[in-house]
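One letter stands for each residue in the lines below.
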Amino acid sequence: MVLAERLNLTARGPADAPALVFVHGFGCGQDMWRHVAPAFEDDFRVVLFDLPGSGAAAPSTYDPVRHGSLEGYRDDVIALLDEVGLSSVVLVGHSVSAMIAVLVQIARPDLVERLVLVTPSARYLDDGSYVGGFSGSDIDELLDLMSRNHLGWQNPLAALVAGPDSPSVQDELERTFCRTRPEVAAEFAAVTFRGDNRADLPHVSVPTLVLQSREDSVAPMSAGLYVRDNVPDCELEVLETLGHCPQLTAPEETAKALRSFVGRARTERTA
C-alpha cells in the first residue's frame, strides 16, 4: 500500500460495502469532507485521501511535469484505486477534482459506477457564449499575484471561494492555502484555471449528479448548467447556499442530496 500511505488514504465503514470515494479541490485536503463523509460510514466504505502536493500527502508525490495537467492527477487516482482494490465506486469530486473524476471515469469505466460533481466547472475562462466566470485578465492577475507574493494571494482567493457571510469558512480556507507549498499552489492554480475539459463531458458513461451552489463566484450557475447539459446522463441539484464549498457551508443539505443519489445506485444494484 505504498501509494495509499503516501497520499494519506483513510478508509472507514464496512470493508465489504460499496465504496464512496471523496476527492478534494485546489489548495485543500481530505479534511474538507469532515462534515459530510462520516454520515455515510454505516452503509459505505468511505475513502478519503490527499492529492499530490496537497494536505498531508508526502511532498515527493508531487511532480511538476506529471502534474502539469489534470491527467497526472487522474493517473494518481486510478493507481490508488487499483492499489487498494476498489472498483465500481461512487466518485465524488469537488471543484477542479470534479474534472479529475470525469477523466478517471472516461479512462477506466470499470472503476466508477457513478459520479458526483460538486460545484464543477469544465472551463473557468469565459469563451464566446460560454460563461465560465473569469476573464483571461482575471486569471492572469491571480497567477501573477501568486508568483510575486507568496503570502498575498490566500486572503482574496479564500474570500472568493468561501462566498459572502462565511467568515469561518474563509478563515479555514486561508489557513489551508497557506500550508500549500507556494510553487505547488501556483502550478496547480494554472492547471485549474486555464484548463478546458468541455470536450470530455460527452464521453462520461455513468449516471452523474451535479451539486451546484445557488450563488458561486468561482463556478457560477452557468458552469453547472453547462456540465449538466453536456454529460449524457446527468442531473443537477441546486443547494441553497453561497460560495464554492457547500460541504462546509451547507453540509447537511450536501449530504442529503448525495445520499438520495447513491441510494438509488444501491437500489439498482440489488434489483
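Residues numbered from 1 in each chain as written. Predicted model: local features only at pLDDT ≥ 70, side-chain atom pairs only at ≥ 80, totals over all residues. Heavy atoms only, no water.

**Some words on the sheet that holds strand β4 (residues 89–94)**
To keep things clear, this is the line we draw: If DSSP finds at least two bridges between two strands, the strands pair. Secondary structure is summarised from DSSP: a helix means a run of H or I of at least four residues, a strand means a run of E of at least two, and numbering begins at the N terminus for each. In this analysis, axes come from line fits to C-alpha atoms, helices being fitted only over the stretch in contact, and the angle between any two N-to-C directions falls in the range 0 to 180 degrees.
Strand order in the open sheet made by the 7 strands is β1-β3-β2-β4-β5-β6-β7, with mixed pairing throughout. Two strands in the sheet have a free side with no partner beyond their single neighbour: β1 (10–12) and β7 (234–242). Sheet twist, expressed as the average angle between the axes of neighbouring strands with direction ignored, equals 20 degrees.

**Points about the environment of Arg-181**
Stated precisely, the cut-off is as follows: Should any heavy atoms of two residues lie within 4.5 Å, those residues are counted as being in contact. A 3.5 Å cut-off defines polar contacts: any pair of N or O atoms within that distance qualifies, except that in protein one atom must be a possible hydrogen donor and the other a possible acceptor, and neighbouring residues in sequence count only when both atoms are side-chain atoms.
In this fold, Arg-181 is placed in the loop between α6 (167–179) and α7 (182–193). As a C-alpha pair, Arg-181 and Ser-54 span 127 residues in sequence and 8.4 Å in three-dimensional space. When neighbours within four sequence positions are excluded, Arg-181 is seen to be in contact with Gly-53, Pro-59 and Tyr-62. There is a polar contact of 3.2 Å between the side chain of Arg-181 and the backbone oxygen of Pro-59.

**Examining the packing of helix α4 (residues 136–148) against α7**
Under the convention used in this document: We call two directions roughly parallel when the angle between them is under 35 degrees, roughly antiparallel when it is over 145, roughly perpendicular when it lies between 65 and 115, and oblique otherwise. Each residue is assigned to one class: nonpolar for Ala, Val, Leu, Ile, Met, Phe, Trp, Tyr, Cys and Pro, charged for Asp, Glu, Lys and Arg, and polar for all the others, Gly among them.
Relative orientation of the contacting elements α4 and α7 amounts to 170 degrees, with a least axis distance of 9 Å. Judged on the interaxial angle alone, α7 and α4 are roughly antiparallel. Between α4, through Ile-139, Leu-142, Leu-143 and Met-146, and α7, the contact on the second element is made entirely by Ala-185, Ala-186, Ala-189, Ala-190 and Phe-193. Partitioning the contact of α4 with α7 into residue classes produces 9 nonpolar, no polar and no charged.

**Thoughts on the pairing of β4**
Filter applied, for reference: Burial status follows relative accessibility: with a 1.4 Å probe on protein chains alone, a residue under 20% of its type maximum counts as buried, one over 50% as exposed, and anything between as partly exposed.
Among the 6 residues in β4, 6 count as buried, and that is most of the element. Where burial is concerned, the two faces of β4 agree: the one with Val-89, Leu-91 and Gly-93 and the one with Val-90, Val-92 and His-94 are both buried. Of the strand pairs in this sheet, strand β2 (residues 19–23) and β4 are connected by 4 bridges, and their pairing is parallel. The residue bridging Leu-20 from the neighbouring strand is Val-90, located in β4. Relative to strand β5 (residues 112–118), β4 runs parallel, the two sharing 6 bridges.

**Section: the state of the cysteines**
Note the following rule: Criterion for a disulfide: a pair of cysteine sulfur atoms within 2.5 Å.
Overall, the coordinates contain 0 disulfides when judged by the stated rule. Cysteine Cys-28 remains unbridged, with the sulfur of Cys-245 as its closest cysteine sulfur at 5.9 Å. Residue class for Cys-28 comes out buried when judged on its relative accessible area of 4%. Classification of Cys-245 by relative accessible area gives buried; the value is 2%.

**Details of empty space enclosed by the protein**
Heads up, the rule is: Computed over the protein atoms alone on a 1 Å grid, cavities are sets of points where a 1.4 Å probe fits but cannot get out and pockets are open sets with protein on both sides within 12 Å along at least five of seven lines; a residue lines them when it has an atom within 4 Å of a point. Grid points are joined across faces, edges and corners, and a volume is the space filled by probe spheres set on the points.
Within the structure shown, the criterion is met by 2 cavities of 30 Å³ or more. Within the residue set of the lining of the largest cavity, elements represented by two or more residues are α5 (154–162), α6 and α7. In terms of lining, the second largest cavity is formed by Leu-70, Val-96, Met-99, Ser-121, Ala-122, Arg-123, Tyr-124, Val-191, Thr-192, Gly-195, Asp-196 and Asn-197. Taken together, the elements giving at least two residues each to the lining of the second largest cavity come down to α3 (96–107) and α7. Among the residues making up the lining of the second largest cavity, the classes are represented as 6 nonpolar, 4 polar and 2 charged.

**Concerning helix α2 (residues 70–83)**
Side chains three or four residues apart in an α-helix point the same way, a direct result of the helix having 3.6 residues per turn. Test applied: Given a helix with a known number of residues, its expected span is that number minus one, times 1.5 Å.
Spanning 14 residues, α2 covers 20 Å between terminal C-alpha atoms, matching the ideal 20 Å at 1.5 Å per step. Listed in full, the buried residues belonging to α2 are Leu-70, Gly-72, Tyr-73, Asp-76, Val-77, Ile-78, Leu-80 and Leu-81. At the exit of α2 stands Gly-85, carrying a positive phi of roughly 75 degrees.

**Remarks on unusual backbone geometry**
One non-glycine residue, Asn-8, lies in the positive phi region at around 60 degrees. Checked against the element boundaries, Asn-8 lands in the loop between α1 (2–6) and β1. Although it is not a glycine, Ser-88 sits at a positive phi angle of roughly 50 degrees.

**Side note on the layout of surface pockets**
The computed volume of the largest pocket comes to approximately 310 Å³. Around the largest pocket, the lining comprises 20 residues; the ones closest to its centre are Cys-28, Ser-54, Gly-55, Ala-56 and Arg-179. Per-class residue counts for the lining of the largest pocket are 5 nonpolar, 9 polar and 6 charged.

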